[in-house]
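# A closer look at the structure
Okay, here's what each chain looks like letter by letter:
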Amino acid sequence: MRVFQPIRSVTLALACGLSFATPSLADEVTRYVPEGAFIAQSVVVPTGYETIYISGLLAPHNDQAGPAGSTARYGGNTEAQAELVFKRLEAALAVQNLGLGDVVMMRVYLVGDPAQGGAMDFAGMMAAYKRFFGTPTQPNKPSRATMQVAGLVGGPGPLIEIEAQAVRRPK
């Protein structure tokens, strides 16, 4: 797990009775990501940051010709739908002048995929997730909870819904 050394230095200085202004690290969002993990174990947001809550997002009705209640109407399997939802999340953040790297917490709701015997397709969701988070161009990883639910609004058909919280540095 990555633990930032400046935190230890500040603790040592305080213990020794020293007083000094901490570097700008105190103003940064800190993500604790265990080695090799795809999500942050925890995220610390400094005082004063604005929090932006993004409502649960589903894949759009991409294929109006698809049969009502089918996964095809929402873009296909879990991976395909997740790709569309992450793009919608990216667009929702852009309206706030934010990006995916500003997301600190995410909740992923998966419905059992009929094509997989009613089990959630965690691997499909992760395949899409890895294209948006923890990449060379967007290395930040949020804290996240993923759960299987009985159904989603608009169902049957949608297999994934994502809600997120992002933060913005104070002005």
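Rules and cut-offs
Residues numbered from 1 in each chain as written. Predicted model: local features only at pLDDT ≥ 70, side-chain atom pairs only at ≥ 80, totals over all residues. Heavy atoms only, no water. Helix = DSSP H or I, 4+ residues; strand = E, 2+ residues; numbered from the N terminus. Buried < 20%, exposed > 50% of the residue type's maximum accessible area, 1.4 Å probe, protein only. Contact = heavy atoms within 4.5 Å. Axes fitted to C-alpha atoms, helices over the stretch in contact; angles between N-to-C directions. Parallel < 35°, antiparallel > 145°, perpendicular 65-115°, else oblique. Left-handed = near helix turned anticlockwise from the far one by under 90°. Nonpolar A, V, L, I, M, F, W, Y, C, P; charged D, E, K, R; others polar. Phe/Tyr/Trp six-rings, centres within 6.5 Å; stacked < 30°, edge-to-face > 60°. Core = buried A, V, L, I, M, F, W, Y, C linked by side-chain atoms within 4.5 Å. Salt bridge = Lys/Arg side-chain N within 4 Å of Asp/Glu carboxyl O. Pairing = 2+ DSSP bridges.

Per the secondary structure count, the protein includes three helices and six strands. The N-to-C order of helical and strand elements in the protein reads α-β-β-β-α-β-α-β-β. Out of the 171 residues in the protein, the part that is buried amounts to 39%. Sequence separation of 24 or more characterises 72% of the internal contacts of the protein that already satisfy a separation of 6 or more.

Contact geometry for helix α2 (residues 78–95) and helix α3 (residues 122–129): axes closest at 8 Å, N-to-C directions at 40°. When the interaxial angle is binned, α2 and α3 end up oblique. Seen from above, α2 lies across α3 with right-handed handedness. Along its contact with α2, which presents T78, E79, A82, E83 and F86, the element α3 presents G124, M125, A127, A128 and Y129. When grouped by side-chain class, the residues that make up the contact of α2 with α3 number six nonpolar, two polar and two charged.

A complete count under the given rule lists four aromatic pairs for this structure. Ring plane angle 35° and centroid distance 5.3 Å describe the contact between F86 and F132, whose orientation is recorded as tilted. Of this pair, F86 sits in helix α2 while F132 sits in the loop between α3 and β5 (143–149), placing them 46 residues apart in sequence. Exposure remark for F86: the relative accessible area of 0% places this residue in the buried category.

Among the nonpolar cores identified, the biggest contains 27 residues, and F86, L89, L93, M106, M125, F133 and I160 are the most heavily contacted of them. Of all elements in the fold, only β3 (50–58), α2, β4 (103–111), α3 and β6 (160–168) reach the threshold of two or more residues within this core. In this structure M125 touches T78, A82, F86, V108, L110, R144, T146 and I160, once residues within four positions along its chain are discounted. By size, the runner-up hydrophobic cluster in this structure holds seven residues, among which are A40, V43, V104 and V167.

The next point concerns the pattern of salt bridges. Opposite charge on two side chains allows them to pair when their charged atoms are near. A full pass over the atoms with the stated rule returns five salt bridges. Notably, a salt bridge pairs E28 with R169, separated by 2.8 Å at the nearest N-O pair. Residue E28 is found in the loop between α1 (5–15) and β1 (30–32), and its partner R169 is found in the segment after β6; the two are separated by 141 residues along the sequence. According to the relative accessible area criterion, E28 is partly exposed, its value standing at 31%.

A few words now on the sheet that holds β5. The mixed open sheet is built from four strands, whose spatial order is β3-β6-β4-β5. A single partner strand is all that each edge strand has here, and the edge strands are β3 and β5. Pairs of neighbouring strands in the sheet enclose a mean axial angle of 10°, with direction left out of account. Bridge count for β3 against β6 is seven bridges, and the pairing is antiparallel. Opposite E50, over in β6, you have R168 as the bridge partner. Here α2 sits on the sheet and contacts β3, β4 and β6; the angle it forms with β3, its principal contact strand, is near 145°. Lying on the sheet, α3 is in contact with β4, β5 and β6; it crosses β5 at an angle near 145°.

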